2 protein chains.
Amino acid sequence: MLARVSSTPTFKRLPRAVREQQMLDAAVKVFSRRGFHAASMDEIADDAGISKPMVYAYLGTKEELFVACLHREGTRMMEAIAGAAAPELPADERLWRGLRAFFGFVGAHRDGWAVLYRQARGSQPFAAELAAMRGRLVEVVAGMLDHALRASGREVGATDLEVVSYALVGATESLADWLADHPEADAEKTATRMMNVAWLGADQLLRGVTWRPGV
Amino acid sequence: MLARVSSTPTFKRLPRAVREQQMLDAAVKVFSRRGFHAASMDEIADDAGISKPMVYAYLGTKEELFVACLHREGTRMMEAIAGAAAPELPADERLWRGLRAFFGFVGAHRDGWAVLYRQARGSQPFAAELAAMRGRLVEVVAGMLDHALRASGREVGATDLEVVSYALVGATESLADWLADHPEADAEKTATRMMNVAWLGADQLLRGVTWRPGV
DNA sequence: GCGTAACCCTACGCACGAGTAGGTATGCTC
DNA sequence: GAGCATACCTACTCGTGCGTAGGGTTACGC
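In this text the structure is predicted, and so the values were computed from the model without any measurement.

### Some points on the UniProt feature "DNA-binding region" (unreviewed entry) in chain A
Feature annotation in UniProt assigns "DNA-binding region" (unreviewed entry) to the following positions: residues 40-59 of chain A. Split by type, residues 40-59 of chain A is 75% helix and 0% strand. Its first and last C-alpha atoms lie 15 Å apart.

### Some points on the domain arrangement of chain A
All names here are of chain A. Domain boundaries assigned for chain A yield domain 1 (16-60) and domain 2 (71-206). Counting residues at the interface gives eight residues for domain 1 and nine residues for domain 2. Across the domain 1 to domain 2 interface the summed buried area is about 670 Å²; carbon plus sulfur atoms make up 61%. On the domain 1 side of the contact with domain 2, Val28, Ser32 and Phe36 bury the most area, a combined 64% of that side's loss. Here domain 1 and domain 2 share one salt bridge between them. One salt bridge in this structure joins Arg72 and Asp25, with 2.8 Å as the shortest N-O distance. On the surface where domain 1 and domain 2 come into contact, there are three residue pairs in polar contact (both at pLDDT 80 or more).

### Brief notes about the interface of chain A and chain B
On the chain B side, the residues contacting the 42 residues of chain A number 42 residues. Carbon and sulfur atoms make up 61% of the area that chain A and chain B hide from each other, which totals about 3800 Å². Taken as a group, Arg121(A), Arg193(A) and Leu206(A) account for 18% of the area that chain A buries against chain B, more than any other trio of residues on that side. In this structure, the connection of chain A to chain B is made through two salt bridges. A salt bridge links Arg193(B) to Asp160(A), with the nearest nitrogen and oxygen atoms 2.7 Å apart. Taken together, the connections running from chain A to chain B amount to 15 residue pairs in polar contact (both at pLDDT 80 or more). Mapped by element, the contributors of at least two residues to the side of chain A that touches chain B are α1 (16-34), α6 (110-120), α7 (124-151), α8 (158-181) and α9 (187-206) of chain A. Ranked by residues supplied to the side of chain A that touches chain B, first place goes to α8(A) with 14 residues. Considering only residue class, the side of chain A that touches chain B consists of 20 nonpolar, 11 polar and 11 charged.

Conventions and cut-offs
Residues numbered from 1 in each chain as written. Chains lettered and ligands numbered in written order. Predicted model: local features only at pLDDT ≥ 70, side-chain atom pairs only at ≥ 80, totals over all residues. Heavy atoms only, no water. UniProt positions renumbered as here; feature names shortened; annotations may be inferred. Helix = DSSP H or I, 4+ residues; strand = E, 2+ residues; numbered from the N terminus. Domains from an automatic or database assignment. Contact = heavy atoms within 4.5 Å. Buried area = accessible area lost by both parts, 1.4 Å probe. Salt bridge = Lys/Arg side-chain N within 4 Å of Asp/Glu carboxyl O. Polar contact = N/O pair within 3.5 Å; in protein donor to acceptor, adjacent residues only side chain to side chain. Nonpolar A, V, L, I, M, F, W, Y, C, P; charged D, E, K, R; others polar.

Here's what the structure looks like:
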């Protein structure tokens, strides 16, 4: 057994940090395509150009591997959004920038992120990680709303705030799913549509009012 | 082996139609609690007070069984919503009634429906069934919006309509999830919150405008 | 140039759970 | 009360795929 003509040009003996990233790349790809359960560790290892025990040695169990994927992609996403929303901007501008960053990210990582995210819904082991991510998003949105409310001297119950934010995040996730399923669709345009429904609401939309990005 | 002291009082030799419903009940319960993959046919059969081959004889494969669950619960849900929205009512009233019916249903079938619904996201085999259900909902919402728009002489692109509806449905699903996770929460109140964000939008909400159920 | 640690492999064990073979009992019809 | 269909069971087979045992090889420090 010495015929070892792999497709990958980069060949042997890579340092751990590099291999780990390759494995995660492969894992994201395979998990996305097959779903958590149908994905096999063999295929992931194979796709990473490595053998299975290496994956176990570096990233651990299948579940741990999936969580690692979720975590890496989640972190990347949060980073992509982080810079977008400066607290001193008016609320609509903050919301708009956040949405733009979010949909931009999802659009650029279609099967990467969105499908992975879809996988995590359901199956208990990942509910925690997923809920944490969503929780952070909800917190951001709720914080933004709260900030704007206080600025105009108003206030509102914590649960109300949470639920409204939850709804907004949910709508956004849904459109992210939609975007991931429609490869021809434009991220920017999707963000605008989301902004319209989130900011204006059905009433205004039915009245013919529309929101458009300033500048 | 004649010790057959089952917990279920109703014992032996039931007609097919009845047993099928019992099996579906058990399946919904187990799928909800464990998730599709972790659920075992043995446990479902056991929970239905029947042996495994019966399940196969009546409802077929595990996947077919799951689809059957999805289908039954989905139909029930659509029926629950169906009567709510009379086309001659104004748009806000239609939306409100639809939301109320929807959250009422989910609230009454917490682990039944919502968790089952969550399971279906992801795993390819069920994507079709799920997409069909969601599609019907989106269609209803889009139809309602379109109707209202035409009534006021306005019109809008089909994709815009679809995406906006999609966002609204997504937000609603999210709050349904939230409701399913918060056993103490009230369905009616959740519906009101959803109505607020959907109908008024963040802008109005931040201005202190609120929507309240008429009557 | 030699030890040692990191990298990497080819196998296999093993549990778990879907689906089935083949047989038994009970009610229903005539 | 014979015949037949329907309800129902116990006890298997068998594929699949996670996780591992145990061993080889390349780089790197000294």
